[in-house]
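One-letter residues, chain by chain:
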Protein chains: 2
Amino acid sequence: MPVPAETTYNGKPLSQLFAEERSGWSGYVEWEKYPEKKALAREILKTHTFPHPPEFQFVPLPDTNPVLIGYRWKDYHKALGLQSIVNYSWEVVQKEKPDLIHLLDFPYNGETTRDQLLEGKITDNMHHFVRNHGGVPAIEEDAFELEIGGLVNNPVKLSLKDLKDPSKFPQCEVTVTLQCSGTRRIEQIREYPGDGDELINAPWGEGAIGTAVYRGVPLKKVLKRACGGVLPECQHLEFIGGDTYFKKGNVFNYAVSVPYRKVRMNEEVILAWEMNGKPLPKIHGAPLRLVVTGYIGARSCKWVYQINALAEPSMGPVQSQEYLYYTSQLGKQNVKYSNGFSIQQMPVSSAIISPVDKSVIVHDGSIELKGWGYSGGGNWVERVEVSPDGGHVWYAVQPEDMTEKHYHAWRLWKIKLPVDAEGWLEFCVRTWDSSNNTEPTFVRSAWNWDLHVTSSCHRIKIYSVNKTRPATAKRLEELRARGESIEPLTRPLEYTIEGQDEYLTACKNYPREPLS
Amino acid sequence: MPVPAETTYNGKPLSQLFAEERSGWSGYVEWEKYPEKKALAREILKTHTFPHPPEFQFVPLPDTNPVLIGYRWKDYHKALGLQSIVNYSWEVVQKEKPDLIHLLDFPYNGETTRDQLLEGKITDNMHHFVRNHGGVPAIEEDAFELEIGGLVNNPVKLSLKDLKDPSKFPQCEVTVTLQCSGTRRIEQIREYPGDGDELINAPWGEGAIGTAVYRGVPLKKVLKRACGGVLPECQHLEFIGGDTYFKKGNVFNYAVSVPYRKVRMNEEVILAWEMNGKPLPKIHGAPLRLVVTGYIGARSCKWVYQINALAEPSMGPVQSQEYLYYTSQLGKQNVKYSNGFSIQQMPVSSAIISPVDKSVIVHDGSIELKGWGYSGGGNWVERVEVSPDGGHVWYAVQPEDMTEKHYHAWRLWKIKLPVDAEGWLEFCVRTWDSSNNTEPTFVRSAWNWDLHVTSSCHRIKIYSVNKTRPATAKRLEELRARGESIEPLTRPLEYTIEGQDEYLTACKNYPREPLS
């Protein structure tokens, strides 16, 4: 039963029940301050049946773009009269992210293509991946206000003008790689299906990662100068965003937290309004977002309008019930929110971006590979190693073939490997970070129920055609003369590959059976 | 450009050019005795463009039955005015094999289902797999004639009545497992795509194998009594079948050969007309076929009407150009017919038939597995071992849990394994034969360009739910009370899996972050 586009509930207009209450704030509903609104939304949601999340773990991924359609999440919004958020969000996608792989249309999950990933150390704003958890609100800069409360000496409300005033708060620029903990999840899915939660664990490839220079103010400075510092009991800072989030029939504003220990590191947690020298795009959290370096992207709360100083981590479902790292032996029958550990800092990981898995490479004895390596928690990439034989022999990337070091950013790399063998070969990459961490060898080594953090050595299969070999060169020449191609690999050649005389001679020299 | 259903070529009716020349032999064309007919067919084939074989190695297999459609092969027949063979063959499939998985509709490739495989030591005729290389001819018993020539003392022609006369030739019954060398090919395809020849390398699962009791006469006795024996130069016996075969624009009758050394073993190479006490089904080669024990099924020529004693193996394309075992490093750019070795005897192999890969098993501490083990060349299955942990610990199947030994047949087996762990587990099986041969550990160990003989340990992934564990039992009880199921595994539970109080207590006992 599809959810009807209702405008009333018990005779009352939904637009009044869940009104846009702040002028200049469109597509935003305040939930956290109104328990009665949350209760009412829960009642309304109970009256509907929602579509199941799409199945893509036991069946092939659709060959479409958008790849997956967020029917369930759209219907949640529709049921509460918030259809306009869905529509507006897709308008923003088309304007700000026309060229991404649209992995999920709503809430929008968009992946950077290979070419765009290799553009350079900095990802263009238009090409930077997006992983949203709800719709995109439209908040006017002048109407924006950030409220800071909880365990601080002085709760305050700050305008964007206040925050941007360098006489009030010192500004900084930080080069930051943000990464979804779902990056390369497709490799886990291919091995074993896992969790399919309300907000589906999107089947990301290698492009749920990107790097930008963010300008803003350290949250630490704002807490100190505007709020007179935090109280001694404060251990965590909770961030609340303008997007509406759903979990098992309940409605929330997006909420996450990071430890105060992290915030104290100044430039490691900033309130940002600029991305690569340009105003923050709407889809990336304009007018204001958090940027938390070295952490899972989910903590870098977008459209942040409230910050609460807390003694404990946020009880918001995104913090307490999601982005948890379970063991491989703990599944649907045993999972609890408390028996996974919270994914905050990201481990060392890497990916081969070029060539593409399962491609045929005709080469003259060497193959060039390109990709990225990254580590969180302030660890930088020290060494990238690539193997042409599934992980037996490893070649180190030369320093001149990597982009420069940053404390909180990836390094792009390239390497040309000697390749003698032909046929299917497995290439893999592993990165070592400045703490000597490296990656698990196989996906199985780190498969986990929620399918997070696929940081095992990235592996691709390449079909090698080495034209320095005379027989191969001869065959390629024959193909060219006949106007045929070696690809598609599985399409038969139209001509006989060995004449009868040659066959008989070969069989005479090396008989098929013993002679006695 | 689709091939038109032409009835003439250069003004002459195709039905005259490629006539059914023997009365009572329908759907059979003699090619091997008429080089001019072969040349003409080649000319005609050149005037058409044929569809490419279907691509299924780089994309998911269609979810249909028939799974694949043999457009190309059908068009070859159509181009020579042999459309009726295509039509008749499908009629025979529907009558004789209604319940198989129709992997390829023409030439017919049908796979036995799991239930049918586990029916018992003997596979019912209706359920026995079929791998044909051309259409099914309809040959009346009374009109049938077998011609034996080449390096024999006396070339002869024998009627079926002659052959079945026990006063002329001693009869025998042999229990034989026949196996396509493509069995379990899908595992190779999933790892790396390979050859896609004219007659596609079908994506078989575990069901391209079956066992029957065949009645007939040893070929050796026929050669001796009817032909006065073979000449000293005779090293191979070539079998020619009534089906029409195509290879790179040329047309043939199906032809293969086996060494005379094999034929000399009497009951190991028989001319059979009965299968499991019933007349040989049309689709299995009626009225007469070869049954070659311990060899790849392809040598057990169906509708055999001619046998030639030769000094060398058959030059027919099925023998000389196909069923070759290439190395993994030799691919499309280097393959020749002479640089693979001929697949005659089959190696030891096995498969887990139940449970099915990627299924969820709710159990009380043990899981039962069933399957088959087989070895060719007269080796019997001595031991079957099953591992619940990907191949570290192995449990041997007890003798009473295996079907009885035969020199030339599989053994079905079952075993109940203790399983404590939950979540995704990998089970695998390996068989040891009477020559102490066992299976390669991984598909990669034996991947080969033509994708033949997938005899590595068969592996399945099972999601284990151990209800002897209290927490699991409790969750299952809760699911039952709510009318929900643990499956589909990737569908989220609708209810909260941990209350806030329980979560907070757990986080107090085991805090998410260090306290200092």
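Note that the structure is a prediction, hence the values are computed from the model and not measured.

This brings us to the overall build of chain A. Within chain A, the regular secondary structure consists of 13 helices and 27 strands. For chain A, the C-alpha atoms occupy an extent of roughly 95 × 55 × 45 Å along the three principal directions. For chain A, the residues scored as buried account for 58% of the 516 residues in total. A sequence separation of at least 24 residues applies to 72% of the contacts in chain A between residues at least 6 apart. If you sum the accessible surface of chain A, you get close to 20200 Å²; carbon and sulfur atoms cover 50% of it. For chain A, the centre of its 59 positive side-chain charges and the centre of its 64 negative side-chain charges are spaced 3 Å apart.

Residues and elements named next belong to chain A. Relative to the helices and strands, His-363 resides in strand 21 (residues 359-363). His-363 sits in the buried class, given a relative accessible area of 4%. From its side chain, His-363 meets the backbone nitrogen of Ser-366 in a polar contact 3.5 Å long. Other than its neighbours up to four places away in sequence, His-363 contacts Val-419, Ser-464, Val-465, Asn-466, Lys-467 and Thr-468.

Time to look at the interface of chain A and chain B. At the interface, 72 residues of chain A touch 72 residues of chain B. In total, chain A and chain B occlude about 6500 Å² of area from one another, counting both sides; carbon and sulfur atoms represent 53% of this. Considering only the side of chain A, the residues that lose the most area to chain B are Lys-332, Gln-333 and Trp-424 of chain A, jointly responsible for 13% of the buried surface there. One can count four salt bridges joining chain A with chain B. The tally of links from chain A across to chain B stands at 51 residue pairs in polar contact (both at pLDDT 80 or more).

Applying the stated criterion across every chain, the model contains 52 salt bridges over all chains. The shortest N-O distance in the salt bridge between Lys-121 of chain A and Glu-404 of chain A comes to 2.7 Å. Note that Lys-121 of chain A is positioned in the loop between helix 5 (114-117) and strand 6 (130-131) and Glu-404 of chain A in the loop between strand 24 (395-396) and strand 25 (411-418), a separation of 283 residues in sequence. Measuring nitrogen to oxygen at the nearest pair gives 2.7 Å for the salt bridge that ties Lys-336 of chain B to Glu-502 of chain A. Remark: Glu-502 of chain A occurs in helix 13 (residues 500-509) and Lys-336 of chain B occurs in the loop between strand 18 (324-325) and strand 19 (341-342); the pair is interchain, linking two chains. Overall, the relative accessible area of 27% leaves Lys-336 of chain B in the partly exposed class. A residue is classified by how much of its surface remains accessible, and Glu-502 of chain A, at 37% relative accessible area, is partly exposed.

Residue and element names in this part refer to chain B. With respect to the element layout, Lys-38 can be found in helix 2 (residues 35-46). As for Lys-38 and Ser-181, which are separated by 143 residues in sequence, their C-alpha atoms are 29 Å apart. Once residues lying within four places of it in the same chain are set aside, the contact partners of Lys-38 are Trp-31, Glu-32, Val-251 and Phe-252.

All names here are of chain B. With twelve residues, helix 12 (residues 470-481) should cover 16 Å at 1.5 Å per step; its first-to-last C-alpha distance of 16 Å lies within 8% of that length. For helix 12, every residue scored as buried is listed here: Thr-472, Arg-475, Leu-476 and Leu-479. Projected onto a plane normal to the axis of helix 12, the buried residues spread over an arc of 100 degrees and lie on a single side. Among the exposed residues of helix 12, those oriented more than 90 degrees off its buried face are Pro-470, Lys-474 and Ala-481. Next to the buried residues of helix 12 lie strand 21 (359-363) and strand 27 (458-466). Remark: Gly-483 follows helix 12 within two positions and exhibits a positive phi of approximately 70 degrees.

Residue and element names in this part refer to chain A. What helix 3 (residues 71-79) keeps buried is the set Arg-72, Trp-73, Asp-75, Tyr-76, His-77 and Ala-79. Of the surrounding secondary structure, the elements contacted by the buried residues of helix 3 are helix 1 (14-17), helix 2 (35-46), helix 4 (83-96) and strand 12 (236-247). The positive-phi residue at the C-terminal boundary of helix 3 is Gly-81, with phi of around 75 degrees.

The subject of this paragraph is the state of the cysteines. If you walk through the whole model with that rule in mind, you get zero disulfides over all chains. Not part of a disulfide, Cys-457 of chain A finds its nearest cysteine sulfur in Cys-428 of chain A, a span of 5.5 Å. The class for Cys-457 of chain A is buried, based on a relative accessible area of 3%. As a non-bridged cysteine, Cys-227 of chain B has Cys-234 of chain B as the owner of its nearest cysteine sulfur, 10 Å distant.

Residues and elements named next belong to chain A. As far as domains go, chain A holds domain 1 (8-342) and domain 2 (348-466). For domain 1 and domain 2, the distance between their C-alpha centres works out to 30 Å. It is Lys-121, Arg-184 and Gln-188 in domain 1 that bury the most area against domain 2; as a group they hold 20% of the surface buried on that side. Applying the counting criterion to the domain 1 and domain 2 interface returns one salt bridge. At the boundary of domain 1 with domain 2, the tally comes to 26 residue pairs in polar contact (both at pLDDT 80 or more). Contributing elements (two or more residues each) for the side of domain 1 that touches domain 2: helix 5, strand 10 (172-179), helix 7 (185-191), strand 11 (209-218) and strand 18 (324-325).

Below, the discussion takes up the UniProt feature "domain: Oxidoreductase molybdopterin-binding" (unreviewed entry) in chain A. The UniProt record marks residues 133-316 of chain A with the feature "domain: Oxidoreductase molybdopterin-binding" (unreviewed entry), using the residue numbering of this structure. Annotated as residues 133-316 of chain A, this span is 14% helix and 39% strand, and its ends, taken at the C-alpha atoms, are 13 Å apart.

The next point concerns the confidence of the model for chain A. The pLDDT averaged across chain A works out to 96; a share of 100% of its residues lies at or above 70. Across the assembled chains, the prediction reports ipTM 0.93 with pTM 0.95.

The next thing to look at is the nonpolar core. Considering soluble globular proteins, one finds that nonpolar side chains tend to be buried as a cluster. Membership of the largest hydrophobic core comes to 90 residues, with the highest contact counts inside it found for Leu-80, Ile-148, Leu-163, Leu-237, Phe-239 and Leu-271 of chain B. Two domains each donate at least three residues to this core, and these are domain 1 (8-342) and domain 2 (348-466) of chain B. Tyr-9, Val-217, Cys-227 and Val-292 of chain A belong to the second-largest nonpolar core, a separate cluster that totals 88 residues.

Right, let's talk about the packing of helix 3 (residues 71-79) of chain B against helix 4 (residues 83-96) of chain B for a bit. Residue and element names in this part refer to chain B. Relative to each other, helix 3 and helix 4 sit at 135 degrees, their axes nearing to 6 Å. Relative to helix 4, the element helix 3 is oriented oblique. Contacts between helix 3 and helix 4 pair Lys-74, His-77 and Lys-78 from the former with Gln-83, Ile-85 and Val-86 from the latter. Broken down by class, the residue content of the contact of helix 3 with helix 4 amounts to two nonpolar, two polar and two charged.

With that out of the way, let us pick up the UniProt feature "domain: Moybdenum cofactor oxidoreductase dimerisation" (unreviewed entry) in chain A. With numbering matched to this structure, UniProt assigns "domain: Moybdenum cofactor oxidoreductase dimerisation" (unreviewed entry) to residues 342-463 of chain A. Secondary structure across residues 342-463 of chain A comprises 3% helix and 45% strand; the distance between its end C-alpha atoms is 40 Å.

This part takes up the packing of aromatic side chains. As enumerated under the stated definition, the model contains 40 aromatic pairs over all chains in all. On the basis of an interplanar angle of 40 degrees and a centroid distance of 5.4 Å, the ring pair of Tyr-325 of chain A and Phe-341 of chain A is categorised as tilted. Of this pair, Tyr-325 of chain A sits in strand 18 while Phe-341 of chain A sits in strand 19 (residues 341-342); the two residues are 16 residues apart in sequence, bridging distant segments of the chain. Pairwise contacts between aromatic rings join Phe-50, Trp-73, Tyr-76, Tyr-245, Phe-246 and Tyr-254 of chain A into one cluster. Between Lys-461 of chain A and the ring centre of Tyr-192 of chain B, over which it is positioned, the NZ or CZ distance is 4.7 Å. Just above the ring of Trp-31 of chain B sits the side chain of Lys-37 of chain B; from NZ or CZ to the centre is 5.8 Å.

Attention now moves to the relation of the copies chain A and chain B. Under the fitted operation, chain A is carried onto chain B by 0.0 Å of movement along the axis and a turn of 180 degrees, and the coordinates agree to an RMSD of 0.0 Å. One copy is carried onto the other by what is essentially a two-fold rotation axis. Judged by C-alpha distance, Pro-60 of chain A is the residue of chain A that lies nearest the rotation axis, at 3.4 Å. Both copies share a contact surface, since 100% of the interface residues of chain A are interface residues in chain B too.

Further remarks concern the sheet that holds strand 6 of chain A. Residue and element names in this part refer to chain A. Taken together, three strands build an open sheet; the order of strands is 4-5-6 and the sheet is antiparallel. Strand pairing shows two members of the sheet lacking a second neighbour, strand 4 (101-104) and strand 6, which therefore form its edges. Relative to strand 6, strand 5 (residues 109-111) runs antiparallel, the two being bridged by two bridges. Note on strand 6: the bridge partner recorded for Asn-109 is Arg-131.

Residues and elements named next belong to chain B. Secondary-structure assignment places Lys-164 in helix 6 (residues 160-164). By relative accessible area, Lys-164 is classed as partly exposed at 28%. Along the backbone, Lys-164 and Cys-227 are 63 residues apart, and their C-alpha atoms lie at a distance of 16 Å. If near-sequence neighbours (up to four positions away) are discounted, Lys-164 is found in contact with Glu-141, Gln-171 and Trp-273.

Rules and cut-offs
Residues numbered from 1 in each chain as written. Chains lettered and ligands numbered in written order. Predicted model: local features only at pLDDT ≥ 70, side-chain atom pairs only at ≥ 80, totals over all residues. Heavy atoms only, no water. Helix = DSSP H or I, 4+ residues; strand = E, 2+ residues; numbered from the N terminus. Buried < 20%, exposed > 50% of the residue type's maximum accessible area, 1.4 Å probe, protein only. Contact = heavy atoms within 4.5 Å. Areas by Shrake-Rupley, 256 points an atom, 1.4 Å probe, with all protein chains shown as cover. Lys, Arg positive; Asp, Glu negative; His and termini not counted. Charge placed at Lys NZ, Arg CZ, Asp CG, Glu CD. Polar contact = N/O pair within 3.5 Å; in protein donor to acceptor, adjacent residues only side chain to side chain. Buried area = accessible area lost by both parts, 1.4 Å probe. Salt bridge = Lys/Arg side-chain N within 4 Å of Asp/Glu carboxyl O. Expected span 1.5 Å × (residues − 1). Arc of directions from axis to C-beta. Disulfide = S-S within 2.5 Å. Domains from an automatic or database assignment. UniProt positions renumbered as here; feature names shortened; annotations may be inferred. pLDDT = per-residue confidence, 0-100. Core = buried A, V, L, I, M, F, W, Y, C linked by side-chain atoms within 4.5 Å. Axes fitted to C-alpha atoms, helices over the stretch in contact; angles between N-to-C directions. Parallel < 35°, antiparallel > 145°, perpendicular 65-115°, else oblique. Nonpolar A, V, L, I, M, F, W, Y, C, P; charged D, E, K, R; others polar. Phe/Tyr/Trp six-rings, centres within 6.5 Å; stacked < 30°, edge-to-face > 60°. Lys NZ or Arg CZ within 6 Å of the ring centre and 35° of its normal. Least-squares fit on C-alpha atoms with pLDDT ≥ 70 in both. Pairing = 2+ DSSP bridges.

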